[in-house]
Structure formats: structure tokens, C-alpha cells
Amino acid sequence: MNCILRPSRFYQPPKAALFAASRPNTSTAPTRSYSTFHSSDSSSASQRHRDSDHERRHSRRSEAEDQVPMLAKQPLHPLSLADLVKHGRPPLSAEALLSSARFTLSLLPIRLAHRIQALRNLPYIVVSNPNISKIYNNYQHSLSTLLPWQGRTISNLEDEIRFTEVLAELVQTHTDTIPILARGFLECRKYISPTEVTRFLDEHLRARIGTRLVAEQHIALHFSSQPHFDPGASPTPCPEHPSYIGVIDTALRPALTIDSCGGFVADICELNYGVRPQWVIDGTPDTTFAFVPMHLEYIVTELLKNAFRATVENGMSREPIVITICPEPPDSRPHAAHVGLSLPTETRGAFSADAIAPLDDNAPGVTIRVRDRGGGISPEVLPHIWGYSFTTFNESDEVPGGSDDALSVISSASNGNSSIAGLGYGLPLSRAYAEYFGGGIGVQSMYGWGTDIYLRLKGVGKIE
């Protein structure tokens, strides 16, 4: 099976250079002279320093292990998009940026502790697997880097810079968490049932979405704030556009995302089948709402992969996939979501008060229907489409990793390849992204004809 590599849209500079521009200039600070030691003394001092570092890391890890049960008992804050935009529009003032850092710190240790406890609750033989053990250790390490910040207030920009460095390391550490977990569960399938795997991955993915989003949001706000303005230096996505608040686009047009993802999936289809399916967008294509573009891009890509492949294999490639966009009507109830955001007080780069279009007509949510003529889903298959141990692979398909279920596909996903096959994992993962902020995915199949997928997404609400 041929694969196509989708290039990353975001440049990631070397980690050592990420925060150099943000640090205060200390060139005028007095220098401290050091004596020159004999080489053997220098070697001994170096060894003592390494031993001291090892002891400190071990001490932090032991502290993190002791803190897990207490932190895991604390309730998770139900994250909303409104929480992530409440600090205002970029470029943020120093005080707004510090407020964002404190909010982020209040959430992450509890979230990490919940995931560590969930891993501890797995059967011992499963947690002993090298891949799952690696994820467990990654979470322990990340918690140990955050615990020293608890009990203190991030009250100045130097503290905020160091805290943002910790967040950048956390995001990088957990980049391939889901593929590595899937690989571990594949190797332990004799010791854990598919139902337990699906339940664990559902919960873990939802938690990971929130944890990663909280961290990436603050990193983006850091690099688009007045004190540290340099969006191009951000190690995570930091779009420089007036409609963005961190990683959230307050005027996202789903039609543009659909066209972009459609072109990518059509390229894969053409590569693998020699056929390029067509798609049509109808309904209200000018709809805008506030959402995370990366999440919408992932969901739409997976849904279109399913629709395109089914259409081609059913011999209906001349029938276009029809995507209908329907905005929800404004909610006039007193308790309806309403977010007031002040305009930026200072212009930096593309962030300017004059460039922000009125957002009063933003839809509180959007429903997207993807309709194909791919023959539908058989009644025997339909009950299993939400499981991570199910896939739409046929026996004749070439399966990544040599296995034939969705866990194999997820476990091979960390290499960046995207194949048109192995689509069973797309639905459960997409549903997790959609449901995180109160949306969802529904499937209506007419076996022998085609399938309708209904994707409902909730945005921030009315923005002023």
C-alpha cells in the first residue's frame, strides 16, 4: 500500500533556541570569575555534579509518585473553549499572560495524576510492557517537572518564561503517546480484552486532548504576548492572524478546512487507486464559528478518508461526496454562552484591533453532514465501528505492522504516514475530538446505497 507523507505546517526550531529571544538581557550582569582546577579535580567535580543531578531527579520522581494518589482524588476542571479565550485577544499584556500561566498550572498536575492513576489501575502484566511502561514513565517525569511550581505564584515574567519552557517539554514528551500505547496494547492483547482497551483509550484520549490543548494554548499566548512577541519562534502552533486567540480561531470557516482536507485525501486516493473523487459543499458555506482548527482538520480528514475510499471501492467515483454545513441558530436563553473580549490595546504583527472583523454573527455551533454513495455499512459491521479493535481493512489490504485491526494502524501512526486504508480507528478518535467540547458524531447507514455522517461541533458561543 502506497503512503503519502503530509508535511507539518509549523516549523519547530531547535529546543535550545526556543526561549532565547524571550529571556531578559543579562549581558550587563557582573561576571563571576572561577579558579582553574587541576584536570583530576575537574573530573571529580563533574562526577559529583552528575551524581547530584541524578539524586535531584530521583527525589523529584519519588515526590511525584507520593503525590499521585492525593492529586488523582481531586476533580478535573471541566474545560471549555471559553476558559481558553478568557484572558483576552493577543497581544496579551504581562498581567494577562501571568494569569494564563497560573490558570494552566492549576489544571495540569491534577490531569497528569489522573492519567498516572489510570495506568496504575491496569493489570500489572500490561503496565510492565515496555511501551506502556514508557508512557507511564513519561507521565511521571512530566508531573515531577510541574510539582515544584505548585505552592508558588507565577508573579513575574522570568517565572513565566521558565514555566513555558516546562510546558514545551511536556508537549514534546507526549507527542506519540497514543501510537505507543496502541503498540503496547497490541503486544498485551492476550491479557486485556478489546472492551477494556476501547474504554481505556477513549478516556485517555479525551484527557490527552484537554491536557495538550491547555499547554499549547498558553505556549501560543506566550509567543503572541506583548512581552515576548515572536510567533515564528513558538515550538507549537502559534498562528499570527487577528482572528486567533492562541490556537483557537474565533472566525473559523469549516468550508475552507473541508476543501483543504478534501484535496489532501483526494491526493491519497489518486495515489492508491488512480481515481480522484469529487466533493461538493452546500448548505451555508460562509458559516463561521469559534473552534480549534487542528481538531476540525483531523476530524474532517478522517471522515473524508472513509467516504472517499467507500465511494471508490463501490464503483461510484463519479458520484461526488456531498458535504452540507448547517449553522446552529443563536441561543437567546439567559444562560446561553456569551463571551466578551476586549480588543488588543497594542498592535503587534498581524494582531491589530482594526483587523478584527465583527463576530456577533458567529454561530454557537455547526453541524456538518458528509453523504456518500459508498454502499453503506453492513448490519454485521455497524455495531463495531466505535471500537479501537475494529477496522475497515479487507483481508487483501496491506496492513501496517502486519496485523489487521485498528490498534495496528494507530501504533504505526507515529511515522507520519497517511494511508487511505485502515480507517476503523478514524471514527472513535474523531468522536473523541468532537465530544470533548460537547459535540458528537452520528452515523446513518443505508446498506446497499451509502452512508450519512453527522458531525456536530459546539463553539465558544456568542463572542463580542
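Every chain is numbered on its own, with residues counted from 1 as its sequence reads. A pLDDT threshold of at least 70 governs which residues receive local features in this predicted model, and a stricter bar of 80 or more applies before side-chain atom pairs are shown or counted, although totals over entire chains, interfaces and linings include all residues. Where side-chain values are given, they derive from all heavy atoms of the structure, hydrogens and water being excluded.

## Section: the overall build of the chain
For helices the rule is a DSSP run of H or I covering at least 4 residues; for strands it is a run of E covering at least 2, with both sets numbered from the N terminus onward. Looking only at helices and strands, the chain features 12 helices and 12 strands. Here's how the labels work: a residue is buried when its accessible area is under 20% of the maximum for its type, exposed when over 50%, partly exposed in between, all with a 1.4 Å probe on protein chains only. Put simply, the chain has 464 residues, and 51% of those count as buried. Whether two residues are in contact is decided by their heavy atoms: any pair within 4.5 Å suffices. Across the chain, every contact between residues at least 6 apart in sequence was considered, and the portion connecting residues at least 24 apart equals 82%. Per-residue and other accessible areas follow the Shrake-Rupley method at a 1.4 Å probe size, with only the shown protein chains counted as cover for residues. Within the structure as shown, the chain displays about 21700 Å² of accessible surface, and the carbon and sulfur contribution to it stands at 51%.

## With respect to the confidence of the model for the chain
As a per-residue measure, pLDDT tells how confident the predictor is, with possible values from 0 to 100. When pLDDT is averaged along the chain, the result is 78; 70% of the residues meet or exceed 70. Within the chain, no element has a lower average pLDDT than strand E9 (residues 417-418), which sits at 42, and none a higher one than strand E4 (residues 279-283), at 97. In this model residues 7-18 is a low-confidence stretch, pLDDT under 50, and it forms 15 contacts with partners more than four residues away in sequence or in other chains. Within the model, pLDDT remains below 50 along residues 412-424, and this stretch shows 49 contacts once partners closer than five positions in the same chain are excluded.

## Description of the environment of Ile323
For Ile323, the location among the structural elements is in strand E6 (residues 321-327). On the basis of relative accessible area, Ile323 is assigned to the buried category, the value being 0%. Sequence spacing of Ile323 and Leu304 is 19 residues, and the spatial spacing of their C-alpha atoms is 9.6 Å.

## Concerning the packing of helix H5 (residues 130-146) against helix H6 (residues 157-173)
To obtain an axis, a line is fitted to C-alpha atoms, over the contacting stretch when the element is a helix, and the angle between two such axes runs from 0 to 180 degrees between their N-to-C directions. In the contact formed by H5 and H6, the axes pass within 10 Å of each other and the chain directions differ by 175°. Taken together, the axis directions place H5 and H6 in an arrangement best described as roughly antiparallel. The segment H5 lies against H6, with Asn138, His141, Ser142, Thr145 and Leu146 engaging Phe163, Val166, Glu169, Leu170 and Thr173. Note on angle classes: values under 35 degrees are labelled roughly parallel, values over 145 roughly antiparallel, values of 65 to 115 roughly perpendicular, and the remainder oblique.

## Focus: the sheet that holds strand E5 (residues 289-291)
For two strands to pair, DSSP has to find at least two bridges joining them. Reading across from one edge, E2-E3-E5 is the order of the three strands in this open sheet, with antiparallel pairing throughout. The open sheet terminates on both sides in strands that have one partner only, identified here as strand E2 (244-245) and E5. Alignment of strand E3 (residues 248-252) against E5, held across two bridges, turns out to be antiparallel. Looking at the pairing, Leu252 lines up with Phe289 of E5.

## Concerning the sheet that holds strand E11 (residues 450-458)
Judged by pairing direction, the sheet is mixed, and its five strands sit side by side in the order E4-E6-E8-E11-E10 without closing on themselves. Only two strands of the sheet have a single neighbouring strand rather than two, namely E4 and strand E10 (440-446). Taking the axes of each pair of neighbouring strands and ignoring which way they run, one obtains an average angle of 15° across the sheet. Both E6 and strand E8 (residues 365-372) contribute to a ladder of six bridges, which runs antiparallel. In the sheet register, Val322 faces E8, and the bridge partner there is Arg371. Of the strands in this sheet, E4, E6 and E8 touch helix H9 (residues 254-273), which is tilted by about 165° from E4. Strands E4, E6, E8, E10 and E11 of the sheet are contacted by helix H10 (residues 293-313), whose axis makes an angle of about 175° with E11.

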